[in-house]
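A structural walkthrough
Residues per chain, in single letters:
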Amino acid sequence: MDIIHLLPDSVANQIAAGEVIQRPASCLKELVENSLDAGATRVQVIVRDAGRTLLQVIDNGIGMSEMDARLAFERHATSKIREAQDLFSLRTMGFRGEALASICAVAQVEMTTRRAEDETGTLIEIHGSDVIRQELCACPVGTNIKVSNLFFNVPVRRKFLKTDQTELRNLLTEFYHIVLVYPKVSFTFVHNDEILMELPAGTEKQRIEAVFGNPKRNVYTSAFVDVNTETELVSIRGFVVKPENATRKAEQYFFVNGRYMRHPYFLKAVQTAYSGMLAADYQPSFFIYFDIAPEAIDVNIHPTKTEIKFADEQTIFQILMASVREALGKFTLAPQIDFDTQGSIDIPQPPTDAVAAPRVTVDPTYNPFHTRGAIYPDRAPKNWESLYEGLGAAKPINAAMQPTDALSVTEEELLRPEDLESCPLWQYGGRYILAPSAQGLVLINQHRAHAAVLYAQFTEQLSLSQGAMQQLLFPEVLSLSQEEMVLLNQILVDLKAIGFDMEQLSPDSYSILGIPAQLANQSPIPAIQHILHQVRERGADTQREWREQIALTLAEQAAIPYGKILTETEMREIVQKLVQLPQYRRMADGKIIVSLLTDDEISRRFS
Ligand code: ADP
Ligand code: MG
């Protein structure tokens, strides 16, 4: 008996659906993109239970004929490309003709649609790829598609969904990515009968304001300056935050030809443009729109990936960095930017794919933040090596000096608690604590050491719900976007467990009455905003994950900063607590806390 057989379409569609429709947010994305491809100027999104029970999209686009309404749900049915060649000149959002087929394979779909030239519209109902009914109906021009009980026939997928709050947040994230590139289209977003967002048609700036602004705060977009560069290769427009308005929690959006994209390499270009202008852990917010010939980018064949490859990434990196610099230079008086030295900034290699990998040389010393010499030419003398000429011995530390032996020293031997009772401790450069040990000279990064101690403390307090709270003299008000609100509600129990005392004031604000004692006199607002940012960026969806982000963020925030002069008692306290940690040489993320200069290395310097 033959054992190979073709899968029935319904099964093939379910398999394809696993690729295209992973969660309610991907379904929403496909539906809204279809509305935009259909030329809609008004799109309404209606959601119930974070999309589990209902996802409805109503548009006033061109609609479909009776025949097309049926065909639209077939696999590889699309009105957008006819031949492979078309793939390279794509200007529509969809093209694979898979979305509707996938959606109707895993949900109950009811759609009404009408074209302007038709008197009657079509109603079609499909449950798990089976057409239940198709009939004529009276309906307005455009398309109204209702997706109910997503994954009703795929229990595994259903179980795989996260909490409603996480799924709603994913829906909003996906929604933001789209509405920010279609400012001329008006959108509404309704969840469980509550209007979460009402976005009138307008300019890009007005759209950004409508999404992220808050009438009670200052005008959001006034914190930004325009970027505007036209070159033959690419046009770059958009808005970047003024350095003085940067925060720890940043909104960072790149779009290319009307699509959202992630691009870590270009992100580096923007960050480099800001180098020297932002405090250590501050991030620039930006909304940057690229326009480029479709042939110059890799058509994003994969339905769910948002990373896009450009033909000439290094050149665009430079153009982007220069445009952002120029924009910032116009609006900031200090620090002065010297454009003549632009060319001397190291352009890091763009990430390359596997085929080219063997030829890539990685510069491990590259750090996008270490471009001060170029930006402040007067502060970092050029040809600094020449200062050492004639001083033979004073060459930069070479490989032979690498502390190889230091690695064999165990943590127990490195800093022994009993020695720490009485040994002298010094502070160096406002950054390091120096301690003598039987093994040599121990250098401890003061900020990281304290952060590691606090991280352990916060983690324990979270698991026991025993955060120490300090009442604020003057409560502060925290205003939030809808997306942030959803996120905050999700992690609220843990914020309270760690010592935040907070009460909801209005649908988009909280009053902060108390803070974790370790934050002492710091403002709670940036701390909470930073937590929200980290939880979102890291995709911390489980309690374990977001607790970790809360502990990390607060530890980072509350740890003694670089530059703080410490008394010997303070140093001793930090170091004593540090060595009690199960592992204290490195942070959880691998950053070095403690380094050892062995006796050997020291004496070699004098030989
Ligand atoms: P794709 O968007 O990749 O073409 P879809 O499965 O998303 O594939 O849609 C199939 C076809 O159905 C589209 O090419 C389009 O012709 C039609 N269609 C889908 N949604 C709409 C809509 N909201 N308005 C008009 N036509 C639509
Ligand atoms: Mg589509």
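Residues numbered from 1 in each chain as written. Chains lettered and ligands numbered in written order. Predicted model: local features only at pLDDT ≥ 70, side-chain atom pairs only at ≥ 80, totals over all residues. Heavy atoms only, no water.

Quick word on the side chain of Thr229
- The topology assignment puts Thr229 in strand S9 (residues 224-230).
- Polar side-chain contacts of Thr229 include one of 3.0 Å to the side chain of Ser323.
- With sequence-adjacent residues up to four places away left out, Thr229 is seen in contact with Val234, Ser235, Ile236, Ile319 and Ser323. (Helix = DSSP H or I, 4+ residues; strand = E, 2+ residues; numbered from the N terminus. Polar contact = N/O pair within 3.5 Å; in protein donor to acceptor, adjacent residues only side chain to side chain. Contact = heavy atoms within 4.5 Å.)

Digging into the environment of Gln529
- Tracing the backbone through its elements, the reader meets Gln529 in helix H15 (residues 524-537).
- Distance from Gln529 to Leu488, taken between C-alpha atoms, is 9.5 Å for residues 41 residues apart in sequence.
- Setting aside anything within four residues of it in sequence, one finds Gln529 in contact with Lys249 and Leu478.

Quick notes on the pairing of strand S13 (residues 286-292)
- Counted residue by residue, S13 has 6 buried out of 7 residues, so it is predominantly covered.
- Examined bridge by bridge, strand S10 (residues 234-241) and S13 share 7 bridges and lie antiparallel to one another. Each residue of the ladder has a partner; that of Val240, found in S13, is Phe286.
- Sheet topology places strand S11 (residues 252-256) next to S13; 5 bridges connect them, and they run parallel. By the bridge assignment, Val256 is partnered in S13 with Phe290. (Buried < 20%, exposed > 50% of the residue type's maximum accessible area, 1.4 Å probe, protein only. Pairing = 2+ DSSP bridges.)

Description of the packing of aromatic side chains
- Taken as a whole and judged by the stated rule, the model has 21 aromatic pairs.
- A centroid spacing of 5.0 Å and a plane angle of 65 degrees characterise the contact between Phe175 and Phe189, whose relative ring orientation is edge-to-face. With Phe175 in helix H6 (residues 164-179) and Phe189 in strand S7 (residues 186-191), the pair connects residues that are 14 residues apart, well separated along the chain.
- With a relative accessible area of 1%, Phe175 lands in the buried category.
- For Phe189, a relative accessible area of 0% translates into the label buried.
- In textbook terms, an aromatic cluster arises when at least three aromatic residues are bridged by ring pairs, as seen for Tyr176, Phe212, Tyr220, Phe224, Tyr253, Phe255, Tyr260, Phe287 and Tyr289.
- Over the face of the ring belonging to Tyr562 we find Arg431, whose NZ or CZ atom lies 4.0 Å from the ring centre. (Phe/Tyr/Trp six-rings, centres within 6.5 Å; stacked < 30°, edge-to-face > 60°. Lys NZ or Arg CZ within 6 Å of the ring centre and 35° of its normal.)

Concerning the nonpolar core
- Formed by 97 residues in total, the largest nonpolar core has its most connected members in Phe189 and Phe290.
- A domain split of this core shows at least three residues from each of domain 1 (9-202) and domain 2 (209-330).
- Residues contacting Phe290, with those up to four places away along its chain left out, are Val234, Ser235, Ile236, Phe254, Phe255, Val256, Asn257, Met261, Phe266, Ile316 and Leu320.
- In this structure, Cys423, Ala527, Ile528 and Ala540 belong to the second largest nonpolar core, which totals 61 residues. (Core = buried A, V, L, I, M, F, W, Y, C linked by side-chain atoms within 4.5 Å. Domains from an automatic or database assignment.)

So, the sheet that holds S9
- With mixed pairing, 5 strands are arranged side by side in an open sheet as S9-S10-S13-S11-S12. The open sheet has two free edges, formed respectively by S9 and strand S12 (259-261), since each of these has just one partner strand. Strand-to-strand twist across the sheet, computed as the mean angle between neighbouring axes with direction ignored, equals 20 degrees. (Axes fitted to C-alpha atoms, helices over the stretch in contact; angles between N-to-C directions.)

With respect to the confidence of the model for the protein chain
- Here the protein chain averages 81 in pLDDT, while 79% of its residues score no lower than 70.
- Long-range and interchain partners of residues 353-404, a stretch whose pLDDT sits below 50, account for 42 contacts in this model, where long-range means more than four residues apart. (pLDDT = per-residue confidence, 0-100.)

A closer look at the sheet that holds strand S19 (residues 509-516)
- Ordered in space as S17-S19-S18, the 3 strands form an open sheet in which the pairing is antiparallel. Only two strands of the sheet have a single neighbouring strand rather than two, namely strand S17 (469-479) and strand S18 (501-506). The mean inter-strand angle of the sheet, taken between neighbouring strand axes irrespective of direction, is 15 degrees.
- Sheet strands in contact with H15 are S17, S18 and S19, and its direction is about 65 degrees off that of S17.

Quick look at empty space enclosed by the protein
- Applying the stated criterion to the full structure yields 2 cavities of 30 Å³ or more.
- Of the volumes computed, that of the second largest cavity is approximately 30 Å³.
- If you trace the second largest cavity, you find it lined by Leu414, Leu415, Arg416, Asp419, Leu420, Cys423, Pro436 and Ser437.
- Elements supplying a minimum of two residues to the lining of the second largest cavity: helix H12 (417-420) and strand S15 (432-437).
- Looking at the lining of the second largest cavity residue by residue, the classes come out as 5 nonpolar, 1 polar and 2 charged. (1 Å grid on protein atoms, 1.4 Å probe; cavity = no way out; pocket = protein on both sides within 12 Å on 5 of 7 lines; lining within 4 Å. Points joined across faces, edges and corners; volume = space filled by probe spheres on them. Nonpolar A, V, L, I, M, F, W, Y, C, P; charged D, E, K, R; others polar.)

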